[in-house]
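# Observations on chain architecture
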Amino acid sequence: MAGVVMPHGILFRGGAEGKIRKAIIDQDLIEAVIGLPANLFYGTGIPACLLIINRNKPEVRKGHIFMIAAEDEYQPGKNQNALRKEDVEKIVATLEKYEDVEKYARKVSLQEIAENDYNLNITRYIDKSEEEEQVNIPNVLKEIEAIKKAQQENTLKLNEYLRELGMGEL
């Protein structure tokens, strides 16, 4: 078993890297891919990932790769970011439990990965998007009308003041 820190690009680039990634996936050697924050390591600001490679995956983990999107949980630093103790503990506990956690972790089948051209980009498998607030169009239209009415009233008042000052109208 080994943990290897790599740049995110190895998760999705083609060419020789893509062929190597495909072979490793087809041999079911990757147990987990853990996304890490940017600016975590000296000398580079790029985000990194941790590949957990295991020749002896437990039976329940075979045929899958566990994805953990931990890139948003860290202690910001002036020159370098850091993983806090609680960030590391959350990653380890999630990996040990090996259960899906909404917007954070997901067990992905090798079949699904193959269907995605062996792309291991974490965001392809873990949706981290936030649900947008629904817009009530009729209420917005009413607000626009109220704003237009207030604008007209203010323009009339302004013109009245301008006339009093002998400056004409807008």
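Scope of this entry: the structure provided in the associated data block. (Residues numbered from 1 in each chain as written. Predicted model: local features only at pLDDT ≥ 70, side-chain atom pairs only at ≥ 80, totals over all residues. Heavy atoms only, no water.)

### Focus: the side chain of R21
Tracing the chain through its elements places R21 in helix 1 (residues 15-26). Of the side chains with opposite charge, E17 comes closest to the buried, unpaired R21, at an N-O distance of 5.5 Å. Among the polar contacts made by the side chain of R21, one reaches the main-chain carbonyl oxygen of R13 at a distance of 2.9 Å. Ignoring any residue separated from it by four or fewer positions in sequence, one finds R21 in contact with I10, L11, F12, R13, Y118 and L120. (Helix = DSSP H or I, 4+ residues; strand = E, 2+ residues; numbered from the N terminus. Buried < 20%, exposed > 50% of the residue type's maximum accessible area, 1.4 Å probe, protein only. Lys, Arg positive; Asp, Glu negative; His and termini not counted. Salt bridge = Lys/Arg side-chain N within 4 Å of Asp/Glu carboxyl O. Polar contact = N/O pair within 3.5 Å; in protein donor to acceptor, adjacent residues only side chain to side chain. Contact = heavy atoms within 4.5 Å.)

### Remarks on the sheet that holds strand 1 (residues 2-7)
Overall, mixed pairing links the five strands, which are arranged 1-3-2-4-5 in an open sheet. Only two strands of the sheet have a single neighbouring strand rather than two, namely strand 1 and strand 5 (105-109). Strand-to-strand, the axes of this sheet are offset by a mean angle of 20 degrees, without reference to chain direction. (Pairing = 2+ DSSP bridges. Axes fitted to C-alpha atoms, helices over the stretch in contact; angles between N-to-C directions.)

### Considering a nonpolar patch on the surface
Together, V135, I137, V140, L141 and I144 make up a nonpolar patch on the protein surface, roughly 430 Å² of accessible area in all. Along the chain, the position of V140 falls in helix 5 (residues 137-164). Since its relative accessible area comes to 31%, V140 is described here as partly exposed. (Patch = residues over 30% accessible without salt bridge, like charges linked within 9 Å, V, L, I, M, F, W, Y side chains within 5 Å. Areas by Shrake-Rupley, 256 points an atom, 1.4 Å probe, with all protein chains shown as cover.)

### Topic: the pairing of strand 2 (residues 30-35)
Most of strand 2 sits inside the fold, with six of its six residues counted as buried. Bridge count between strand 2 and strand 3 (residues 48-53): five bridges; the pairing is antiparallel. Across the sheet, residue I30 finds its bridge partner in strand 3, namely I53. Here four bridges tie strand 2 to strand 4 (residues 64-69), and the two strands are oriented parallel to one another. In the strand pairing of strand 4, I34 is matched with I68.

### Some points on the packing of aromatic side chains
Here the structure, examined in full by the defined rule, presents one aromatic pair. With a centroid separation of 4.7 Å and 35 degrees between ring planes, the pair formed by F66 and Y98 is classed as tilted. Pair noted here: F66 is in strand 4 and Y98 is in the loop between helix 2 (85-97) and strand 5, with a separation of 32 residues, a long-range link. The exposure class of Y98 is buried, given its relative accessible area of 10%. K90 extends its terminal NZ or CZ atom over the ring of Y104, reaching a point 4.1 Å from the ring centre. (Phe/Tyr/Trp six-rings, centres within 6.5 Å; stacked < 30°, edge-to-face > 60°. Lys NZ or Arg CZ within 6 Å of the ring centre and 35° of its normal.)

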